[in-house]
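# A look at the structure
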Amino acid sequence: MGIYLGDTFPNFEANTTEGKIKFHDWLGDSWGILFSHPADYTPVCTTELGTMAQMAAEFEKRKVKLIALSVDSVYDHECWSKDINAYIEKAPEKKLPFPIISDEKRDLAVQFGMLDPAERNKEGLPLTARAVFVIGPDKKMKLSILYPATTGRNFDEILRVVDSLQLTACKKVATPVNWKVGEDCMVLPNISPEEAAQLFPKGYHTKDLPSGKTYMRFTPQP
Ligand code: BEZ
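As a starting point, this report considers the structure included with it. Nothing here was measured: the structure is a model prediction, and the numbers come from that model. (Residues numbered from 1 in each chain as written. Predicted model: local features only at pLDDT ≥ 70, side-chain atom pairs only at ≥ 80, totals over all residues. Heavy atoms only, no water.)

## Things to note about the site of the ligand
Around the ligand, the structure places Pro 38, Thr 42, Pro 43, Val 44, Cys 45, Leu 127, Arg 130 and Ala 149. One of the side-chain N or O atoms of Thr 42 is found 3.1 Å from an oxygen atom in the ligand. Measuring from an oxygen atom of the ligand, one finds a side-chain N or O atom of Arg 130 at 3.0 Å. Compared with its free state, where it exposes 260 Å², the ligand has 83% of that area covered by protein. Residues belonging to the shell around the ligand are distributed by class as follows: 6 nonpolar, 1 polar and 1 charged. (Near = heavy atom within 4 Å. Polar contact = N/O pair within 3.5 Å; in protein donor to acceptor, adjacent residues only side chain to side chain. Areas by Shrake-Rupley, 256 points an atom, 1.4 Å probe, with all protein chains shown as cover. Nonpolar A, V, L, I, M, F, W, Y, C, P; charged D, E, K, R; others polar.)

## Some remarks on the sheet that holds strand S3 (residues 31-36)
Backbone hydrogen bonds hold the strands of a sheet together, and the pairing may be parallel or antiparallel. Within the open sheet, the 7 strands sit side by side as S2-S1-S5-S4-S3-S8-S9. Their pairing is mixed. Edge strands, defined here as strands with exactly one partner in the open sheet, are strand S2 (19-22) and strand S9 (141-147). Each neighbouring strand pair of the sheet contributes to a mean axis angle of 30 degrees, computed without reference to strand direction. Across the sheet, helix H3 (residues 74-87) touches strand S1 (13-16), strand S4 (64-70) and strand S5 (100-102), and the angle it forms with S5 is around 150 degrees. (Pairing = 2+ DSSP bridges. Helix = DSSP H or I, 4+ residues; strand = E, 2+ residues; numbered from the N terminus. Axes fitted to C-alpha atoms, helices over the stretch in contact; angles between N-to-C directions. Contact = heavy atoms within 4.5 Å.)

## Some words on the pairing of strand S8 (residues 130-135)
Counting buried residues along S8, 6 of its 6 residues qualify, which places the element largely inside the surrounding structure. Alternating residues of S8 divide into Arg 130, Val 132 and Val 134 and Ala 131, Phe 133 and Ile 135, and every residue in both groups is buried. Bridge count for S3 against S8 is 4 bridges, and the pairing is antiparallel. Looking at the pairing, Leu 34 lines up with Phe 133 of S8. Two strands pair when backbone bridges link them, and S8 and S9 are joined in this way by 6 bridges, in the antiparallel orientation. By the bridge assignment for S9, Arg 130 is matched with Tyr 147. Following S8, the chain reverses through 5 residues before pairing antiparallel with S9; Lys 139 in that reversal takes a positive phi of roughly 70 degrees. (Buried < 20%, exposed > 50% of the residue type's maximum accessible area, 1.4 Å probe, protein only.)

## So, the pattern of salt bridges
All told, the structure shown has 10 salt bridges when counted by the stated rule. Notably, a salt bridge pairs Glu 58 with Arg 62, separated by 2.9 Å at the nearest N-O pair. Linked through salt bridges whose partners overlap, the residues forming this network are Glu 58, Lys 61, Arg 62 and Asp 163. (Salt bridge = Lys/Arg side-chain N within 4 Å of Asp/Glu carboxyl O.)

## Remarks on the packing of aromatic side chains
Taken as a whole, this structure holds 10 aromatic pairs when the rule is applied. Aromatic pair Phe 9 and Phe 12: ring centres 6.3 Å apart, planes at 65 degrees, arrangement edge-to-face. For the pair Phe 9 and Phe 12, a shared accessibility class is recorded, and that class is buried. Ring pairs connect the aromatic residues Phe 9, Phe 12, Phe 23, Trp 26, Phe 112 and Phe 133, which therefore count as one cluster. Against the face of Tyr 204 rests Arg 217, its NZ or CZ located 5.7 Å from the ring centre. (Phe/Tyr/Trp six-rings, centres within 6.5 Å; stacked < 30°, edge-to-face > 60°. Lys NZ or Arg CZ within 6 Å of the ring centre and 35° of its normal.)

## Let's talk about the packing of helix H2 (residues 43-61) against H3
Their axes nearest at 9 Å, the elements H2 and H3 cross at an angle of 70 degrees. Here H2 is positioned roughly perpendicular relative to H3, judged by the angle of their axes. Contact with H2, carried on its side by Cys 45, Thr 46, Thr 47, Leu 49 and Gly 50, involves Trp 80, Asp 83, Ile 84 and Tyr 87 of H3 and no other residues of that element. Residue classes in the contact of H2 with H3 are distributed as 5 nonpolar, 3 polar and 1 charged. (Parallel < 35°, antiparallel > 145°, perpendicular 65-115°, else oblique.)

Next comes the structure, spelled out in structure tokens:
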């Protein structure tokens, strides 16, 4: 089981800290990020959810809705949220700026291919890995990354890829290594020089290469 780039993300139903949801209705016409966690009351997860809470306004600016997933109950999620707030020096009772899905039977973790076979809980069951799924307003999966339970994610990178995904969704460019907003982009290989001249009025430059091929074309961010 698993979900792959370009797939329509399942319109699953789940209990969350903000009530029962049906995923597509919850998403509406926004972008979405579903990020999963091995379990409540675990140290790395607490740092991750705290950091996501601190970064939530940046995602909101980009019209991206956040939703977390962990295998414990809604009640556990609510109690754990107080620790998460305390970790980021916020009032424990403050509501987290995103819901947390309760996947107690691991149905979603199995369906989405999120299990980490190398890390097991006390009962010997595989833990949910640290998945990040970015879903577009068309409900299709635009990006998927999977970290093992033992490695916390870099959420600055998730913000960076959202910027790239949103730019490349509407402009015929790709973003090069370590690209950040405002830096040069690359003209897509399937764009002819004539089309490139029309599409990119600021122009583009081509890197001279030993092969003599002209595939490295840089243009200011459109
Ligand atoms: C953690 O969140 O700290 C964690 C959870 C499961 C395995 C390893 C680390």
